[in-house]
Amino acid sequence: MKSAFSATLPLSVLFTASLFGTLLWCPDADRWDLVFWCWVTALACLLWLARSADLAAGRAGDEGSPPWTRGEAVLFSALMLVAVGFRIHDLEVLPGRLHNDEMTCGIEARRFLSEPRPPLFRTGWYGCPNLAFFLTSLPMIFAGPSLVGLRSAGVAAGLLSLAGAYLLVRRVAGVPAAMILLALNATHPWAVHLGRTGLIYVQAAAAGVFILYFFYRALRGGSWFWATCAGIAFGVGFQTYFSIRLMPFILVAAAFVWSLGSGPIGRRRLAEVLCVTAFGALVAVSPLLVHYSTAPSSFGNRTRDVFLLSEKNESHVLEAVGSLDPAAVLGEQLLRTGRFFYPGKDSSAQFGFERSFVPPPLWFPYAAGVALILIRFLRPRKDEPVSGGSLTLLAWIVLTFLAGAVLTIDPPFSPRLSLMQPVFLFPAAVFLTWLWDLGKKRRLASLLASSAVAAAILWTGVVNARDYFEFHRIVAVGGKRDQLPRMVQKYPFIQGVLSLGPLPADFDYQSYTMLAPGRLLVEGTGAASIRQVAERGRSPALIWLVAASPGTEFHPDGEMSVITSGSYEALAEFPESFSFDYWIVGPRTDR
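Fair warning: this is a prediction, and the values are worked out from it, not measured in the lab.

**Q** Which residues make up the overall build of the chain, and what are the values?
**A** Summing up its helical and strand segments, the chain has 24 helices and 5 strands in all. The 591 residues of the chain split such that 54% are buried. For the chain, the proportion of contacts with a sequence separation of at least 24, taken over those separated by at least 6, is 76%. Carbon and sulfur atoms make up 64% of the accessible area of the chain, which totals about 25,600 Å².

Printed below as a string of structure tokens:
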């Protein structure tokens, strides 16, 4: 075993050194493929070295979780299928609102589908790392640069975050708590929404749960392999979205709680695992660090934009709070954030679903679960799978709310809060698990407890489905701005869009760039015709989508004919939407 480690060490060092050398002498903008494969090879060799070191040191395999049973595997698969159904149902239609963040993610991802591809280890829109957009582009290879292709990336990352949360909670609190959390997450409106949109935020959430999962596996047996996995997961996650920068604080919290229940040997193991994790993260994130070294301002510009107490936000805070006193500002922020639990709603446009973070059926279980976690930490149980692990997950939620809502402008700033979405309902799962455990000793009590838990989960799922799908189908249908590019996607033969006033065309909106690239976009007035457009230098031999206010008369000239027509009815409850009539016209074929 020691000889294997000795043979692996030089090779791993060589490949890691070659990665750094390649990054310094050959920027990835010049040789994209070379840098990418050097990076992948270095990470693979690093894992190989860590595994060989474990074998050489005689570190045993991890035994921290019970083995999987057939029943657990079947139930896990069934719940994941439910989660898949909630995330792919009417994926192209709902949500109807095409938010500019989602569309911009799609625009950035499309760049990786054609040559020249953008540099992978650089930053793009709002300073977000390009690796996130590259991952978003992967489903587009098969589904095309469409809305379905874009949102499929969100589906994949959302399901991965659910599976990672299951593995993490299974290790921290046991199989029942993990299964109940998965059942709640499968239909949770926040989880469903983030898992249905093409936003890169959920990639960081998926990385976060695996970072902590690998970290706990490493602590259990002092494994360098799992510590390296945790570091690589952080390095990759660091190149997705800014919220992942909270994870070092989560790991410090986990390490602190772990150290409270371990002796000197456990603390030495903890220090070793932290060092190996940090080195793995350094190698994995090194390509992006080279970029930051040449463009340091891109590292923290987004954080400065949203930090509550930054100088650039003083006028905004003064208008919203009425004072710049830090105590008054933070107090107001705490109140505003608290209203998103009970009985308020999340009005953040990035979230897109204006409801409470905690579904109403879970208000009491959630509060009771928080109290139960604190009680168990003060009076620990010997059968706790990971000592203090539940408190760490609660600290994760609290720290994320502090950084993502209390200390940012306009709480809740959903992109930051999305980091803790996979574990957010963990307190409710803890209480429901306790309720189920309460009746295990007696058959009748067990039946009642099991029925109560099952009924709570089922009722929550029904309420969530009604709230999410009915809300988006009836209210958040999107405006004319969103519907016109959707129609271009539906009828891809459309070559131009003519919008007749007075409704705003919003042709500069990102949804047109994403869903209707290369089309002619023209805004006219009154009963304009295709001939008038042609007189502006446009070719009449095009197929046009014409949209106008209801009741507007539109008659194509003798060279054009109407292919199809219809109307779009908006709802008064959604002020951003507009009713309009539309015609699809093209050159006459009967002449």
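**Q** Tell me what's going on with a nonpolar patch on the surface, and back it up with residues and numbers.
**A** Side chains of Leu113, Leu135, Leu138, Ile141 and Phe142 sit close together on the surface and give an oily, nonpolar patch of about 490 Å² of accessible area. Mapped onto the secondary structure, phenylalanine 142 falls in helix H6 (residues 140–143). Taking relative accessible area as the criterion, phenylalanine 142 reaches 76% and is therefore assigned exposed.

**Q** Got a sec to walk through the sheet that holds strand E1 (residues 496–500)? Specific residues and values, please.
**A** Strand order in the open sheet formed by 5 strands is E2-E1-E3-E5-E4, with mixed pairing between adjacent strands. What marks the edges here is a single partner per strand, and that holds for strand E2 (520–524) and strand E4 (560–568). Recorded for the sheet is a direction-independent mean angle of 20 degrees between the axes of neighbouring strands. Where E1 lies against strand E3 (residues 544–548), 4 bridges are found, and the strand directions are parallel. From the neighbouring strand, valine 497 faces E3, where its bridge partner is leucine 545.

**Q** Before we move on, can you summarise helix H12 (residues 247–260) with the specific residues and values?
**A** Residues spaced three or four apart along an α-helix point in a common direction, a consequence of the helix completing one turn every 3.6 residues. Its 14 residues give H12 an end-to-end C-alpha distance of 20 Å, which sits within 8% of 20 Å, the value for a rise of 1.5 Å per residue. Among all positions in H12, only Met247, Ile250, Leu251, Ala253, Ala254, Ala255, Val257, Trp258 and Ser259 are buried.

So, how was this worked out
- Residues numbered from 1 in each chain as written.
- Predicted model: local features only at pLDDT ≥ 70, side-chain atom pairs only at ≥ 80, totals over all residues.
- Heavy atoms only, no water.
- Helix = DSSP H or I, 4+ residues; strand = E, 2+ residues; numbered from the N terminus.
- Buried < 20%, exposed > 50% of the residue type's maximum accessible area, 1.4 Å probe, protein only.
- Contact = heavy atoms within 4.5 Å.
- Areas by Shrake-Rupley, 256 points an atom, 1.4 Å probe, with all protein chains shown as cover.
- Patch = residues over 30% accessible without salt bridge, like charges linked within 9 Å, V, L, I, M, F, W, Y side chains within 5 Å.
- Salt bridge = Lys/Arg side-chain N within 4 Å of Asp/Glu carboxyl O.
- Pairing = 2+ DSSP bridges.
- Axes fitted to C-alpha atoms, helices over the stretch in contact; angles between N-to-C directions.
- Expected span 1.5 Å × (residues − 1).

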